[in-house]
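# Inside the fold
Chain by chain, the residues:
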Amino acid sequence: RNAFKGGAFDMWTESRSKSWATEYEPGKIKALDEGLMVKELIPDGNPQPFQTMMFNYNRPYLNDWRVRRAVNTLFNFEWTNKTIFFDAYTRTDSLFTNTTDLRAEGLPTGKTLEILEEFRDQLNPKIFNEVWSQPVTDGSKNNRESLKLALADFQDAGFKIERKGANKGKLIHQENGDQLKIEFLFYSDNFDAILAPLVEDLKKLGVDASLKRVDTQSWINRLRERNFDITSITYSNSFFPGEEQRGRYHSDFAEIPLSWNLTGMKNPVMDALTERLVQQESYEDLMAYARAMDFVLKWDHPGLFEWYIAADRMVYWNRFAKPEKKPEYSVGTSSWWLDEEKDAAIKASGYRK
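Residues numbered from 1 in each chain as written. Predicted model: local features only at pLDDT ≥ 70, side-chain atom pairs only at ≥ 80, totals over all residues. Heavy atoms only, no water.

This part covers the packing of aromatic side chains. Inspection of the entire model under this criterion finds 21 aromatic pairs. The interplanar angle of 55° and the centroid separation of 6.0 Å between the aromatic rings of Trp-20 and Tyr-24 together place this pair among those described as tilted. You can call Trp-20 buried: its relative accessible area is 13%. Using a relative accessible area of 4% as the deciding quantity, one classes Tyr-24 as buried. Taking 4.5 Å as the distance between ring centres and 20° as the angle between the ring planes, the aromatic pair formed by Phe-186 and Phe-191 counts as stacked. Assessed through its relative accessible area of 14%, Phe-191 is described here as buried. Taken together through their ring pairs, the aromatic side chains of Phe-50, Trp-132, Tyr-235, Tyr-249, Trp-260 and Phe-305 make up a single cluster. Lying over the aromatic face of Tyr-57, Arg-68 brings its terminal NZ or CZ to 3.9 Å of the ring centre. A cation over a ring is seen here: Arg-120 above Phe-128, with NZ or CZ 3.9 Å from the ring centre. (Phe/Tyr/Trp six-rings, centres within 6.5 Å; stacked < 30°, edge-to-face > 60°. Buried < 20%, exposed > 50% of the residue type's maximum accessible area, 1.4 Å probe, protein only. Lys NZ or Arg CZ within 6 Å of the ring centre and 35° of its normal.)

Quick look at the structure:
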């Protein structure tokens, strides 16, 4: 970043929302104030990566979708986005974020409904009569309503907060007396501030919740051994989902060390959908199967869906001309060309040679 500001190269893509919000304000960079440098949020029309804190289905009680939904409900995205992310992000609500053709919306219809009807008896009935949505808070740190909803899901899954005795205040499974325990596993401190309020809220409900940070190799080893409760994973996407979806969600890969099926998911419906997805010969049918997958996975709550920004944060020296229309599925910098007049102005300023 400093090398860019010093004129060592032309463009810088800013990855940190805090830096974007605070380090390029008026008065911070003279060349930017003078119009010799440009700060621009450039839309990206491509499908965004699917970022999620993935649950390990092989862990006790995390194989219950109600427990997984409860954890997701407690994540206060609105407060996090405002307080930590400077309102830079949108909450992920699909496996195929930032697409209109592949993502599931509303209730299933048309070809997608036909596909899902075949598996109706094996699916969460809510898929057919309730619109899936992410929980939304009022943006304050007070997460009381979410606590109520999460507790209801925990109770439906067989847990209860003990009010007396040795387990007072703990969320205990009523059949075997186990306290629900959840560890968030990471290899950097990027998630410390983000997840601390979630861990705090889980503890309010009697969950033995914690953040665990390990070195990168230990993190990889624990994923290889499926020795984790929840960890953050990013899956790349395209307009043509295919074989990679089998690797992520098919039971054939559930026990292969370090396969992308990190949940250990063994779902016959997802097996069938991912197998058929790769066999489709028309884009219309491919879209229908992708949407069917999206409906099934979202109602299964495989992870705590994270966030995305469908744009690139670009800062660049103002020495380029651009075509009138930006490429739809690209930032478009490869279509820019040198504007000699602008370039001369920058050189005359003394900022760059």
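Turning our eyes to something else, we now look at the packing of helix α12 (residues 268–277) against helix α13 (residues 283–300). Remark: α12 packs on α13, axes separated minimally by 9 Å, with the N-to-C direction vectors making an angle of 160°. In this view, α12 runs roughly antiparallel relative to α13, as classed from their interaxial angle. For α12 against α13, the interelement crossing comes out left-handed. Within the contact between the two elements, α12 uses Val-269, Met-270, Leu-273, Thr-274, Arg-276 and Leu-277 and α13 uses Leu-286, Tyr-289, Ala-290, Ala-292, Met-293, Val-296 and Leu-297. A breakdown of the residues in the contact of α12 with α13 according to their chemical character gives eleven nonpolar, one polar and one charged. (Axes fitted to C-alpha atoms, helices over the stretch in contact; angles between N-to-C directions. Helix = DSSP H or I, 4+ residues; strand = E, 2+ residues; numbered from the N terminus. Parallel < 35°, antiparallel > 145°, perpendicular 65-115°, else oblique. Left-handed = near helix turned anticlockwise from the far one by under 90°. Contact = heavy atoms within 4.5 Å. Nonpolar A, V, L, I, M, F, W, Y, C, P; charged D, E, K, R; others polar.)

Now for the sheet that holds strand β3 (residues 50–55). Read from one edge of the open sheet, five strands run β8-β7-β9-β3-β10, paired in mixed fashion. Across the chains shown, the open sheet's two edge strands, defined by having one partner strand only, are β8 (208–213) and β10 (303–305). Strand after strand, the sheet turns through a mean of 30° between neighbouring axes, direction not considered. Relative to β10, β3 is paired through three bridges, and the arrangement is antiparallel. From the neighbouring strand, Thr-52 faces β10, where its bridge partner is Phe-305. Against the sheet, helix α9 (residues 192–204) contacts β3, β7 (181–186), β8 and β10, and its axis sits at roughly 160° relative to β8. (Pairing = 2+ DSSP bridges.)

Here we have three strands laid out as an open sheet, ordered β1-β12-β2, and antiparallel in their pairing. Both outer strands of the open sheet, β1 (11–13) and β2 (37–43), are each paired with one neighbouring strand and no more. The sheet shows a mean angle of 25° between the axes of neighbouring strands, taken without regard to direction. Pairing of β2 with strand β12 (residues 311–317), which is carried by seven bridges, proceeds in the antiparallel orientation. Counterpart to Val-38 in the pairing with β12 is Tyr-316.

Another aspect to go through is helix α10 (residues 216–224). Considered for burial, the residues of α10 that qualify are Trp-219, Arg-222 and Leu-223. Burial along α10 is one-sided: seen end-on, the buried residues are contained in an arc of 100°. Among the structural elements, β7, β8 and β9 (230–235) are those in contact with the buried residues of α10. Of the residues trailing α10, Arg-226 is marked for its positive phi of about 55°. (Arc of directions from axis to C-beta.)

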